[in-house]
Amino acid sequence: MFCANRIASSMLQRSRVMVRRSWLSTDKTTAAKEAAAKTEGEAKKGGWWSSAEFWGGLGAIAGWGMSASAIYDSAVQGPEVISLTMTPVLIVYSSLFARWAYIVKPQNLLLCSCHVANILAQSNQLRRALQYKIENGQEEQVNAMAQQAAVGGAALAGSIVAGPTMR
């Protein structure tokens, strides 16, 4: 027991000396530069496969498939096949990710542009579907959906306003 305590106190003393030396050292900037260079070297070892720019660009190109699909559907298919539950979800989804792609550092403007294009395309699809329903005498259903959207928007606005006080 006595031997273990003595070893532990010896190790503690050594660590205290090492901490004091590091605090008193004036060569901290060199150590920081070496650490940064080591990190950069490790990042370069991964190459393009592990770079954020590659995967960000690839995600944006894949995102254009969603936008292109909505644009294609508006040109080729009729409004009767448009889902009135999925279209607003896609508008909200693309709105959130367009904002994220714009404010993240480094900015991913390619991803932001594909989501903005999807917002516009899905908004057009929503307009077409609602116009089709109104023309076919389903105005009550459109009014009910508008009320639901207004309640959801009011709840969202209320949570945004009350958010800072609820923290």
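This text gives an overview of the structure that appears in the document. In this text the structure is predicted, and so the values were computed from the model without any measurement.

1. Thoughts on the overall build of the protein chain
Looking only at helices and strands, one finds 6 helices and 0 strands in the protein chain. What you see in the protein chain, going N to C, is helices and strands ordered as α-α-α-α-α-α. Looking at the protein chain as a whole, 18% of its 167 residues are labelled buried. Only carbon and sulfur atoms are counted for the fraction: they give 66% of the accessible area of the protein chain, which is about 12,600 Å².

2. Examining a nonpolar patch on the surface
On the surface, V92, Y93, L96, F97 and W100 cluster together into a nonpolar patch covering about 510 Å² of accessible area. Tracing the backbone shows V92 in helix 4 (residues 86-103). Taking relative accessible area as the criterion, V92 reaches 51% and is therefore assigned exposed.

3. Quick notes on unusual backbone geometry
In this structure, P106 follows K105 across a cis peptide bond, with omega equal to 0 degrees. Within the fold, P106 resides in the loop between helix 4 and helix 5 (109-135).

4. Some remarks on helix 6 (residues 139-166)
For helix 6, with 28 residues, the first-to-last C-alpha span of 39 Å sits near the 40 Å given by 1.5 Å per residue. Its axis deflected by about 30 degrees at I160, helix 6 carries its strongest bend there, up to four residues before the proline P164.

5. Here we look at the side chain of H115
Within the fold, H115 resides in helix 5. At a separation of 3.2 Å, a polar atom in the side chain of H115 contacts the side chain of S94. If sequence neighbours within four positions are ignored, H115 has contacts with M66, Y93, S94, F97 and A98.

6. Observations regarding the layout of surface pockets
As a volume, the largest pocket reaches approximately 260 Å³. What lines the largest pocket is L84, T85, P88, I91, V92, L126, L130, V142, M145, A146, Q148 and A149. Taken together, the elements giving at least two residues each to the lining of the largest pocket come down to helix 4, helix 5 and helix 6. In terms of residue count, the dominant contributor to the lining of the largest pocket is helix 6 (5 residues). Looking at the lining of the largest pocket, its residues break down into 10 nonpolar, 2 polar and no charged. Of the voids in this model, the second largest pocket is the one considered here, and its volume is about 200 Å³. The wall of the second largest pocket is formed by A52, E53, G56, G57, W100, V104, P106, Q107, N108, L110 and L111. Per-element accounting of the lining of the second largest pocket gives the leading share, 4 residues, to helix 3 (residues 52-76). Within the lining of the second largest pocket, the residues separate by chemical class into 6 nonpolar, 4 polar and 1 charged.

The rules behind each value
Residues numbered from 1 in each chain as written. Predicted model: local features only at pLDDT ≥ 70, side-chain atom pairs only at ≥ 80, totals over all residues. Heavy atoms only, no water. Helix = DSSP H or I, 4+ residues; strand = E, 2+ residues; numbered from the N terminus. Buried < 20%, exposed > 50% of the residue type's maximum accessible area, 1.4 Å probe, protein only. Areas by Shrake-Rupley, 256 points an atom, 1.4 Å probe, with all protein chains shown as cover. Patch = residues over 30% accessible without salt bridge, like charges linked within 9 Å, V, L, I, M, F, W, Y side chains within 5 Å. Salt bridge = Lys/Arg side-chain N within 4 Å of Asp/Glu carboxyl O. Expected span 1.5 Å × (residues − 1). Bend = angle between axes of the 7 residues up to and from the residue. Polar contact = N/O pair within 3.5 Å; in protein donor to acceptor, adjacent residues only side chain to side chain. Contact = heavy atoms within 4.5 Å. 1 Å grid on protein atoms, 1.4 Å probe; cavity = no way out; pocket = protein on both sides within 12 Å on 5 of 7 lines; lining within 4 Å. Points joined across faces, edges and corners; volume = space filled by probe spheres on them. Nonpolar A, V, L, I, M, F, W, Y, C, P; charged D, E, K, R; others polar.

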